Each structure stands twice: as structure tokens, then as C-alpha cells.
Amino acid sequence: MNIIIWLVFAAVTLLATVFLGLREFHMLQLNGYKTPEHSWWMKKNFKRYIPLILLFIGQFTLLAFPVIRRGGGVGDMEELNAKIVTGIVALLGVMNLVIALLNKPGKKFKKPFKYTARVKRMLTTFFILIAIIIAGAYFAADRVQLYGAGSTTGRLYLWTHTYHVNLLPYILVGSALYLTPLLVPLSNLINKPIETAINNWYINDAKKKLAAMPDLHKVGITGSYGKTSMKFYLSELLSSQYETLKTPESFNTPMGVTITVRRDLKPTHEYFICEMGARRVHEIAELCGIANPHDGIITSVGPQHLETFGSIENVVNTKFELADCVKKNGGKIYLNYDNELIRAKVSEYPNAVTYGTSEGSMWRGSDVTVSDRGTEFTVTAPDGKSCRFGTKLLGEHSVQNLLGAIAYACGTGIPMEKLVLPVKRIAAVPHRLQLLDKGGGVTYIDDAYNSNPSGCRAALAVLGLFDACRILVTPGMVELGAKQEELNFEFGQEAAKACDYIVLVGKAQTQPIYDGIKDAGFDMEKVYVADGLNDALAKANSYPTDKKKVVLLENDLPDNY
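**Looking at the packing of helix α13 (residues 312-319) against helix α14 (residues 321-329)**
And step 1. Put simply, α13 and α14 touch, their axes get as near as 4 Å, and they point 25 degrees apart. Between α13 and α14, the angle is such that the two are roughly parallel. Residue-level inspection shows Asn317, Thr318 and Lys319 of α13 in contact with α14, the latter providing Glu321, Leu322 and Ala323.
And step 2. Each residue belonging to the contact of α13 with α14 can be placed in one class, and the counts come to two nonpolar, two polar and two charged.

The structure is reproduced here in C-alpha cells:
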């Protein structure tokens, strides 16, 4: 085929490759740049790659239709083949253009793609791989000139009368696009030695900075859920007395902690609160190797990230890597005694300080009263001294984290009565049972970042506090492994008891919730399955009622779901 047609095909395909590559790198970034986790995600989302697989296989039909004889001649059969091939190439070109349009940058994401230094290095590797493929495509096949080079002058003639002897260049260029989902993690693997060296340099620099501040008191916080809230609450209490630094937002990975230390830690800081997240075994130990906390708090242990942890036992052991580190450092580990899995481990740690509303807690909460205006509770210290607290936070479950924060703050020397005002000032953490009054008789409870069974139950309990038309909007829970269907089914059953209307986001994902709602005998006329969040919110706002509306937004799936 004419080489100029190939150049047009290559340009369209290259554009699609760039756009698809950027989308795949975004997903890799959301998966923490971890190739095994990204590979699992690709397997789970296999359907999105079926068109690429079919196009990759389909392009090889071009090999069945030679259009130029090796000797340069063109016969009737070659003329026919040329027409067939032109049709196939045109079809592939249109499909590649569709891929480009579907992946065109500009779509709004909850977590936008960040062009970090690491991403730029991976993009460089990726484009080198693409350049090699395209260069190989151009030079791989023999080319001939037909009708005599001397009959026309100028470079245009050379382009318009030069033909590929075979169609391998089209297949190679197409493969660069269709194999992009594999080339992206390959770029990550190629760069891994470089990235490891760079990360280690930054981590060691952060360690040196921490080591240079021996008087800095470091506290690690981990848990299957509740750790971010605990971090914010504890920071509010400690800041009333000490210069305190906390890891921002969800900076709970090795590089997140490293960035915080190198960028934000000042010689004047007295306390450093380090949130520690994990999706795999030993990741808390890795974070402890960086922060080396004196004390720690474990807020909860539950069925979270089971698809990567593998079992609840692995979750328990990983969370208690913090307790092991603190024990070695001679510090105290604060444990939520209301959590059954944590309670079973308390006896292994003589340095444990327990808190909770359960009998036997060293720091115990009691006389809890909740309303749609906030929560009040009494705290009793190990020495028997008690104090009454009030907070704007909603729900009995919020008392657990406040108890842990109060216990730790008192352990630093702050009298309990001096914490009453700071506790009252604590506001809801964004997207965690955050009340948003939008006017027009509609209040939203934004619990978008709370995707776990315990959090969902607590959110439904808070929704039940309101004398209003209660509406649930949810896509369900994810990353629960083999128990995901069962736990979402139970969520549906519980939702049926607390809600007047239920709006589910996404049919396939929410089927177990739908089944649970139905099993509970809920009026299915009051259940709506929406295609997306905008559709769900429009439906929630459309329900007729004489009461005030309270809409619970329970969980918001990340962009890679």
C-alpha cells in the first residue's frame, strides 16, 4: 500500500496511543504504582480490554492479502487485494480514532492524574518504547517504487509512488496501540531500579531529618478504618498545647510520609502524628522503619483490602506491626477495646492502653447521648476521674476515636478538663459523615470516604437520627475479597431498615445490595438503580416529601472502579 496512507494511519494510531497511555498511567498511579496490584486490577476489569484484544488479533488478517509482488509488478489479484486491504486499514484507522476520542484528556476525575517526577520518567520510557516500535515499523518492510522514478520529478513523487511490499508496518504500529495496557506496567518495571534508588535517597534523607530531632515525639496511627479521623482529632487536641505536625489528607504511604517530613517538619515541632496505611503484609513495618514512632494507636481491625491482604489474619498481623515497633521502642500502644480482633491481642502487649465504651476499657466512655445536633459522652480515666464532653460529630461510633485521642492527649500531660473546649471545636473530617446543608430543605451527609462494613453501619445509624425523609445513595463497598458479595448483601438488609428511599449507583456492582434490600421486604418501588452519580442525585432530589430531606452519600468509588 502507498506509504502516505501508512503515515496517516500511523499519525491517528499514535494519537490514540498517547491518549490511551495517559489513561492507563492514571490507573497505575491510582493503584500506587504497584505492578502486581495494577495487574490484579486489569484482570478484574478485563472487559475494558476486549476491544483492544480483538483489534490486535484482527489486524493480522492484513497478512493474507499481499498487494505488491516481490518483483514490483501488480496483477489483477494484487489489485483486488489492495481494495480489500484499503478497507481493512480504513476500518482499523476509524477504530483507532474512536479509541483516541474515548480516552481524550479532559474528563473530570475525583483524583486527577498528577504529572509527578516519577510519572514523567515513566512517560519517557513509554514513549521510547513506542518510538522503537514505530521506527521498526517503518524500516521493517521492503519498499518499492512503481511506474518509474524518472517520469515525475520532486519529493512528492517519491512519497506517492513508494509502496510497502508487505503490510507488517501497519501491524507493528497498531500493536503499539493495542498493547499499550501492557507497555504501561512494562515501563514501570523497567524504571523500578531507578525509582527504588530515588525513593531510598528521599527516605534516607527523611530519616536523617527525624534523627536530628531526638526530642520530637512521634506517634503512629493505623487501622482498617478510623485512622484519618483519629489523626485529625488527635492533632486538634495536641495542638491546643504543643506544636504539632500531622501527615496531610491521606499521605499514609512511605513516600507520603517522606514528603511530609522533608517538606513540612520544622525544628519547632514537638509532636509528629503519622498516619500509616497498608494494603499488603509488612507495609506498616515499612512505615515504622521510616517514622520509628515512640507511641502508636490502632483504631480498628476489620475486613478491609482483603483482595490484597488475602485473609483477616494478615490484616491483624500487619496492623499490629505498629504495636511491635512501639513495644520495641519502649512506648505505649493505644488500642480500641471495642474492636473484637484488637481485644484478642491486648494481653500480648504489657504496654497497651485501652479505650472504648466496653466494660474493661482503661479509658472508658459512658452515658452516650446522640442526636442530629451532635453527641455527648462521659470519659472515665484509669484513676477514676471523669469528665463530660460534647461534640458536633454525629453518632455513637465517633466516641471511639475521640476516646482514643483524649486518652493519648491526657497521657502527654494535658489535664482532661482542658480538652473539653478542643473536643467541642472538632469538626467532621471532609467526606467522613460531614453534614452539608445545601438549602432548599435538603441536607447531605457526605460519607464518601468510608467504604467498610463498620462505617456503613455507623452511617446508617446516623441517618436514622433524623426526623426526615431519609435517602441513601451508594455504589456499595469494594476490596472485600471473597466476602464482598456477602457484606454488601448485609448492607442492603440494614439499609432497608433505616431508609425511606434507596438509590444504588451502578447495576452490576450493587446487585448484592439490591438482593439484600429485597430480602428484607423493602418496597422495591422505592429503590432506583442509577447509571452514575449525577443520575442518582437527580433521582434523590426528585422524590416527593413534606418533610426535610436528608441524603446519605455512602462511599464514592475511586476512578479505577
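Still to come is the rest of the account.
**Quick notes on unusual backbone geometry**
And step 1. Of note in the backbone geometry, tyrosine 33 takes a positive phi value of approximately 60 degrees without being a glycine.
And step 2. Turning to its location among the elements, tyrosine 33 is positioned in the loop between α1 (3-30) and α2 (35-44).

**Description of the sheet that holds strand β17 (residues 549-554)**
And step 1. The strand order across the open sheet formed by six strands is β12-β13-β17-β14-β15-β16, and the pairing between neighbours is mixed. At either end of the open sheet lies a strand with only one pairing partner, and these are β12 (434-437) and β16 (527-530). Ignoring strand direction, the axes of neighbouring strands in this sheet form an average angle of 20 degrees.
And step 2. Examined bridge by bridge, β12 and strand β13 (residues 442-447) share four bridges and lie antiparallel to one another. Its bridge partner being in β13, leucine 436 is matched across the sheet by tyrosine 444.
And step 3. Set on the sheet, helix α20 (residues 511-519) makes contact with β15 (501-505) and β16; between it and β15 the angle comes to about 160 degrees.

**Topic: the sheet that holds strand β3 (residues 217-222)**
And step 1. One open sheet holds the nine strands; their spatial order is β4-β5-β3-β6-β7-β8-β9-β10-β11, and the pairing between them is mixed. Each edge of the sheet is formed by a strand with only one pairing partner; in this case those strands are β4 (244-246) and β11 (386-391). Ignoring which end each strand starts from, the neighbouring axes of this sheet average 20 degrees apart.
And step 2. Two strands pair when backbone bridges link them, and strand β6 (residues 295-298) and strand β7 (residues 333-336) are joined in this way by three bridges, in the parallel orientation. Note that in β7 the partner of isoleucine 298 across the bridge is leucine 335.

**Here's the deal with the pattern of salt bridges**
And step 1. For the structure on display, the rule yields 16 salt bridges.
And step 2. Here the salt bridges do not stand alone but share partners, grouping Glu37, Arg279 and Arg280 into one network.

**Examining a nonpolar patch on the surface**
And step 1. Judged by side-chain polarity, Phe46, Ile50, Ile53, Leu54 and Ile57 come together as a nonpolar surface patch covering roughly 470 Å² of accessible area.
And step 2. With respect to the element layout, phenylalanine 46 can be found in the loop between α2 and α3 (50-58).
And step 3. Accessibility expressed as a relative area gives 45% for phenylalanine 46, which makes it partly exposed.

**Observations concerning the pairing of strand β5 (residues 271-275)**
And step 1. Of all five residues making up β5, five are buried, and the element is well covered by its neighbours.
And step 2. Side chains Tyr271, Ile273 and Glu275 project from β5 onto one buried face, and the interleaved Phe272 and Cys274 project onto a second face that is buried too.
And step 3. Bridge count between β3 and β5: five bridges; the pairing is parallel. Within β5, the position partnered with lysine 218 by the bridge is phenylalanine 272.
And step 4. As judged from the three bridges shared by β4 and β5, these two strands associate in the parallel manner. Looking across to β5, one finds that threonine 244 is bridged to tyrosine 271.
And step 5. This β-α-β element, β4 to helix α10 (residues 254-264) to β5, shows right-handed connectivity.

Criteria and cut-off values
- Numbering of residues begins from 1 in every chain and follows the order in which that chain's sequence is written.
- With pLDDT at 70 or above as the cut-off, local features in this predicted model cover only qualifying residues; side-chain atom pairs require 80 or more to be listed or tallied, and sums for whole chains, interfaces and linings still use all residues.
- Based on all heavy atoms of the structure, the side-chain values leave hydrogens and waters out of the count.
- Axes here refer to lines fitted to C-alpha atoms; in helices the fit is confined to the stretch in contact. Angles between the N-to-C directions go from 0 to 180 degrees.
- Put simply, DSSP marks the helices as runs of H or I at least four residues long and the strands as runs of E at least two long, and each gets a number from the N terminus on.
- Each angle gets one of four labels, with under 35 degrees taken as roughly parallel, over 145 as roughly antiparallel, 65 to 115 as roughly perpendicular, and the rest as oblique.
- Whether two residues are in contact is decided by their heavy atoms, any of which lying within 4.5 Å being enough.
- Here the nonpolar group is Ala, Val, Leu, Ile, Met, Phe, Trp, Tyr, Cys and Pro; Asp, Glu, Lys and Arg are the charged ones; every other residue, Gly included, is treated as polar.
- Between any two strands, pairing holds if DSSP finds at least two bridges.
- Any Lys or Arg side-chain nitrogen found within 4 Å of a carboxyl oxygen on Asp or Glu counts as a salt bridge.
- Residues forming no salt bridge and having over 30% relative accessible area are the ones grouped into patches, like charges within 9 Å of each other and nonpolar side chains (Val, Leu, Ile, Met, Phe, Trp, Tyr) within 5 Å.
- Working definition of accessibility: Shrake-Rupley area with a 1.4 Å probe, residue cover restricted to the visible protein chains.
- Type-normalised accessible area, obtained with a 1.4 Å probe on protein chains alone, sets the label of each residue: buried when under 20%, exposed when over 50%, and partly exposed for intermediate values.
- Crossovers are described as right-handed under a simple rule: with the strands pointing away from the observer, the path leading from the first strand over the helix to the second runs clockwise.

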